[in-house]
Amino acid sequence: MKIHEYQARDLLASFGIPVPPGKMITSIEDAAQAFKAVTAGQTTPFAVVKAQVHAGGRGKAGFVKLTKTADEATEAARFMFTNRMKSPQTPPEGLEVKKLLVAAGVDIADRPTGGKEEFYLAITVDRTTRRNMLIASREGGVEIEQVAHDRPDAIIKEPLHPTLGLLSFQARDIAFKLGFKGKQVNQAAAIMSGLAKLFVSKDCSLAEINPLILTPPSTQFPDGQVIAIDAKFSFDENGIEARHKDLKDMADHSEENPAELRAQKFNLSYVALDGNIGCLVNGAGLAMATMDIIKHHGGEPANFLDVGGGATEEAVTEAFGIILSDPQVKGVMVNIFGGIMRCDVIAQGIINAAGKHKNPDGSIGFKIPLVVRLEGTNVEAGRKLLQDAQSKLPTLQAGIDLTDAAKKVCAAVK
């Protein structure tokens, strides 16, 4: 699960990490008042207006704007609320912007060697070492993936202790490596420690600050202040329901795929893809193998869908409804290996789905090719159910094995 930047800032602040003042707005009319509120006390008022969407590339798309007056903030809000944001990380049609963050602008200190004092800081799970890993770099404010590709030496990696987390000496050592000096070191180390605690306590899969910045010296902060001005979080959904109801309430369902939300209600694991062959499989590993063999025989999977080992007829029927709601789907492959799951349950689910599915022309039943491969518990009963329901399933083909089923569905779609 992901959250918006304005929510991420609130989380950072709750763990003692300094962030500039900001307000979330949902209308053009709120922009001027938000600008005045966040810039109160600034000698030279300025604020940043940012679109709140679950996609990157906002700045290049024109959906992050620096404003110096309330009128400019209003115009920025007008542009963002009345245009769809398009970037390499959005669908071709772009994303509708429903929320904006109006945040106080912050001066960034100049780096003696050129550029600005911007840094990258994140914690994620390192699957190789099976530990949480802190990642830091002096190259903040840019795409860290490109930095890692072009200059891997610019990336600092520090594994966290499995039970003690980020230790104080580790945080200070990283602060020195990033080039912080004087009182800046303790500020940066405190932010790293706060981020590490947040990561574990909220069951994060990613906690990222980009950029972390250093302000010019001031009366209050003679060495400058280290502040987080942008953040991104992803959470392990397995921990949300049981331990983090507060995070669950932060979810913005308008930013998620409707079919994926529909699948969650029936405990189905569904991910939409770009192909035209729908897949209904029991077991994540088998689902991956099914997609691979479809690709191997020239097809393109339209989705990953795992109905699990104990799916009911109702869940199987719903799974078909989800797959067929995608207009790109031109064929469906069902691949079931019955262990816990019974093949006759899957067969009955297919029949139920056929009896309920309404086509765009108003007719009932499946009109696209359907290839079914069943093996395992109650397989003969499942095959007989499908055979007896052939009149309802005129496009049905049986797959002798996985390879045969993949070849048949790819050929039928072509």
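Asker: Please explain the side chain of N335 as it appears in this structure.
Answerer: Residue placement: N335 occurs in strand β14 (residues 331-338). Of the residues examined, N335 reaches a relative accessible area of 0% and is grouped as buried. Polar side-chain contacts of N335 include one of 2.9 Å to the side chain of R373. Ignoring anything within four residues of it in the chain, the contact list for N335 reads L280, V281, N282, L286, T290, R373 and L402.

Asker: How should I be thinking about the packing of helix α11 (residues 313-324) against helix α12 (residues 343-356) in this particular structure?
Answerer: For any two helices packed against each other, the geometry comes down to the angle between their axes and how far apart the axes lie. Running from amino to carboxyl end, α11 crosses α12 at an angle of 50°, the nearest separation of the two axes being 8 Å. With respect to their mutual orientation, α11 and α12 come out oblique. In the crossing of α11 with α12, the sense of the turn from one axis to the other is right-handed. Contacts from E313, V316, T317 and F320 of α11 reach α12 at V345, I346, Q348, G349, I350, N352, A353 and K356. Classifying every residue of the contact of α11 with α12 gives 6 nonpolar, 4 polar and 2 charged.

Asker: Would you take a moment to explain the pattern of salt bridges for this structure?
Answerer: Opposite charge on two side chains lets them pair, provided their charged atoms get close. By the definition in use, this model includes 17 salt bridges. Here D230 ties to R58 by a salt bridge, and the two come within 3.3 Å at their closest N and O atoms. Of this pair, D230 sits in the loop between β9 (226-228) and β10 (231-235) while R58 sits in the loop between β2 (47-51) and β3 (64-67), placing them 172 residues apart in sequence. Beyond isolated ion pairs, a larger network of salt bridges with shared partners links E5, R9, K50, R58 and D230.

Asker: Any chance you could explain helix α1 (residues 5-14) here in plain terms?
Answerer: Buried residues dominate α1, accounting for 7 of its 10 residues. Immediately beyond the C-terminal end of α1, within one or two residues, lies G16, with a positive phi of roughly 80°.

Asker: What should I look at first to understand the state of the cysteines in this one?
Answerer: Scanning the model with the defined rule gives 0 disulfides in all. Cysteine C343 remains unbridged, with the sulfur of C279 as its closest cysteine sulfur at 18 Å.

Asker: Just to check I follow, could you spell out the sheet that holds strand β1 (residues 22-25) for this structure?
Answerer: Two pairing modes exist for strands in a sheet, parallel and antiparallel, and in both the strands are linked by backbone hydrogen bonds. Reading across from one edge, β1-β4-β2-β3 is the order of the 4 strands in this open sheet, with antiparallel pairing throughout. The open sheet has two edge strands with one neighbour each: β1 and β3. If you compare each strand with its neighbour and ignore which way they point, the axes differ by 20° on average. The strands touched by α1 are β1, β2 and β4 (100-104); relative to β4, the strand with the most contacts, the crossing angle is about 45°. In this fold helix α2 (residues 31-38) packs onto β1, β2, β3 and β4, with an angle of close to 170° to the strand it touches most, β1.

Asker: Help me understand the environment of D401, please; the structure alone is not making it clear to me.
Answerer: Relative to the elements of secondary structure, D401 occurs in the loop between β16 (396-398) and α14 (402-413). You can call D401 partly exposed: its relative accessible area is 36%. A polar side-chain atom of D401 sits 3.3 Å from the main-chain amide nitrogen of T403.

Cut-off values and rules
Residues numbered from 1 in each chain as written. Predicted model: local features only at pLDDT ≥ 70, side-chain atom pairs only at ≥ 80, totals over all residues. Heavy atoms only, no water. Helix = DSSP H or I, 4+ residues; strand = E, 2+ residues; numbered from the N terminus. Buried < 20%, exposed > 50% of the residue type's maximum accessible area, 1.4 Å probe, protein only. Polar contact = N/O pair within 3.5 Å; in protein donor to acceptor, adjacent residues only side chain to side chain. Contact = heavy atoms within 4.5 Å. Axes fitted to C-alpha atoms, helices over the stretch in contact; angles between N-to-C directions. Parallel < 35°, antiparallel > 145°, perpendicular 65-115°, else oblique. Left-handed = near helix turned anticlockwise from the far one by under 90°. Nonpolar A, V, L, I, M, F, W, Y, C, P; charged D, E, K, R; others polar. Salt bridge = Lys/Arg side-chain N within 4 Å of Asp/Glu carboxyl O. Disulfide = S-S within 2.5 Å. Pairing = 2+ DSSP bridges.

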